[in-house]
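# Structure assessment
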Amino acid sequence: METTDKKYKVLFVCLGNICRSPAAQGIFEHIVRENGMQDRIEADSAGTYSGHRGEMPDRRMRTAALYRGFALTHKARPVSGLDFLDFDMIVAMDDQNYEDLMHLAPSVEATHKIKRMASFLKQRQMSYIPDPYYMGAEGFSMVLDLLEDGCKNLYETIVKAEF
């Protein structure tokens, strides 16, 4: 297979894979489609906790995202060791997710794939993407604001570096 045929793959990771990471995946995929890059870049999401395996994203996140034009249809799954082989970049939503991923990484080289979502924020400086699960409607809206900013900058970073 030629390198031009290989897709650049991004995995978004949060705790349960029902709020932040599926929202990031949906937003990122929307940006990729808008720019006609769906044949070159793909995304998925997973959680460091497997208790929500097979569930749709949290209803409140789906509602808030749909209001902005993002349909979230991902089914929750736990992150696995194989993800470090399959994905070019693994994006953690907070410090605990980052630490958990560092421990899961099968090699030192694999740890270099792990990035913090907050490192792609430009409009607001924060060190992590907060979990909106216990925050109410305004929390989901704020997290979507952060993810829209971060995903846009992440997309631009990947395109500049890879294409």
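The following paragraphs examine the structure supplied in this document. (Residues numbered from 1 in each chain as written. Predicted model: local features only at pLDDT ≥ 70, side-chain atom pairs only at ≥ 80, totals over all residues. Heavy atoms only, no water.)

### Section: the overall build of the chain
The test is simple: Secondary structure elements follow DSSP: runs of H or I of four or more residues count as helices, runs of E of two or more count as strands, with numbering from the N terminus. Whether two residues are in contact is decided by their heavy atoms, any of which lying within 4.5 Å being enough. The Shrake-Rupley method, run with a 1.4 Å probe sphere, supplies the accessible areas, and residue values consider only the shown protein chains as cover. Residues counted as positive are Lys and Arg, residues counted as negative are Asp and Glu, and His and the chain ends are not counted. Here the site of a charge means atom NZ of a Lys, CZ of an Arg, CG of an Asp or CD of a Glu.
Counting secondary structure elements, the chain contains six helices and four strands. Reported as C-alpha extents along the three principal axes, the dimensions of the chain are approximately 45 × 35 × 30 Å. Pairs at least 24 apart in sequence give 74% of the contacts found in the chain among residues at least 6 apart. For the chain, the computed accessible surface area is about 8,500 Å², with 51% contributed by carbon and sulfur atoms. Distance between charge centroids for the chain: 2 Å, based on 20 positive and 24 negative side chains.

### Section: the packing of aromatic side chains
For any pair of aromatic rings, the description rests on two quantities: the centre-to-centre distance and the angle between the ring planes. Rule in force here: Two rings from Phe, Tyr or Trp (for Trp, the six-membered ring) form a pair when their centres sit within 6.5 Å of each other. Planes less than 30 degrees apart are called stacked, planes more than 60 degrees apart edge-to-face, and all others tilted. We call a residue buried when its accessible area falls under 20% of the maximum for its residue type, exposed when it is over 50%, and partly exposed in between, using a 1.4 Å probe and counting protein chains only. Note on criteria: charge over ring means Lys NZ or Arg CZ within 6 Å of the ring centre, with the direction from the centre no more than 35 degrees off the ring normal.
One pass over the full model with this rule turns up three aromatic pairs. A centroid spacing of 5.5 Å and a plane angle of 65 degrees characterise the contact between Phe 12 and Phe 28, whose relative ring orientation is edge-to-face. Linking Phe 12 in strand β1 (residues 8-14) with Phe 28 in helix α1 (residues 20-34), this pair joins segments that are 16 residues apart in sequence. Each member of the pair Phe 12 and Phe 28 is classed as buried. Taking the centre distance of 4.8 Å and the plane angle of 80 degrees together, the rings of Tyr 133 and Tyr 134 count as edge-to-face. With relative accessibility at 30%, the residue Tyr 133 sits in the partly exposed group. Residue classification places Tyr 134 among the exposed residues on the basis of a relative accessible area of 75%. Here the aromatic residues Phe 12, Phe 28 and Tyr 155 are joined through ring pairs into a cluster of three or more. When the ring centre of Phe 87 is taken as origin, the NZ or CZ atom of Lys 9, which lies over that ring, is 5.1 Å away.

### Describing helix α4 (residues 95-104)
Spelled out, the test is: Read the arc as the range of directions from the helix axis to the C-beta atoms. Under this definition, polar contacts are N or O atom pairs within 3.5 Å; protein pairs additionally need one hydrogen-donor-capable and one acceptor-capable atom, and for neighbouring residues in sequence, both atoms have to be side-chain atoms.
Those residues of α4 that sit buried are Asn 97, Tyr 98 and Leu 101. Angularly, the buried residues of α4 cover 100 degrees about the axis, an arc narrow enough to put them on a single face. Tucked inside the fold, the buried residues of α4 contact β1, α1, α3 (83-86), β3 (89-92) and β4 (114-116). The N-capping residue of α4, defined by a side-chain oxygen 3.1 Å from the backbone nitrogen of Gln 96, is Asp 94.

### Side note on the environment of Pro 78
Structurally, Pro 78 can be placed in the loop between α2 (59-67) and α3. Looking at Pro 78, the relative accessible area reads 18%, which means it is buried. In contact with Pro 78, not counting residues within four places along its chain, are Ala 46, Gly 47, Ser 50, Arg 53 and Asp 83.

### Let's talk about the packing of α2 against helix α6 (residues 137-162)
We apply this condition: Simply put, an axis is a line fit to the C-alpha atoms, just over the touching stretch for a helix, and the angle between two N-to-C directions goes from 0 to 180 degrees. Geometric relationships in this document are graded by angle, where less than 35 degrees denotes roughly parallel, more than 145 denotes roughly antiparallel, 65 to 115 denotes roughly perpendicular, and other angles denote oblique. In this scheme, a crossing is called left-handed if the near helix is turned counterclockwise away from the far one by less than a right angle; it is called right-handed if the turn is clockwise. When residues are grouped by polarity, Ala, Val, Leu, Ile, Met, Phe, Trp, Tyr, Cys and Pro land in nonpolar, Asp, Glu, Lys and Arg in charged, and all others, Gly among them, in polar.
Close contact between α2 and α6 brings their axes to 10 Å; oriented N to C, the two are set at 55 degrees. Comparing the axis directions of α2 and α6 gives the class oblique. Crossing geometry of α2 relative to α6 is assigned as right-handed. Counted together, Arg 60, Met 61, Ala 64 and Ala 65 of α2 and Phe 140, Val 143 and Leu 144 of α6 form the full contact between these two elements. Split by residue class, the contact of α2 with α6 holds six nonpolar, no polar and one charged.

Any functional reading would require information beyond the geometric quantities listed.
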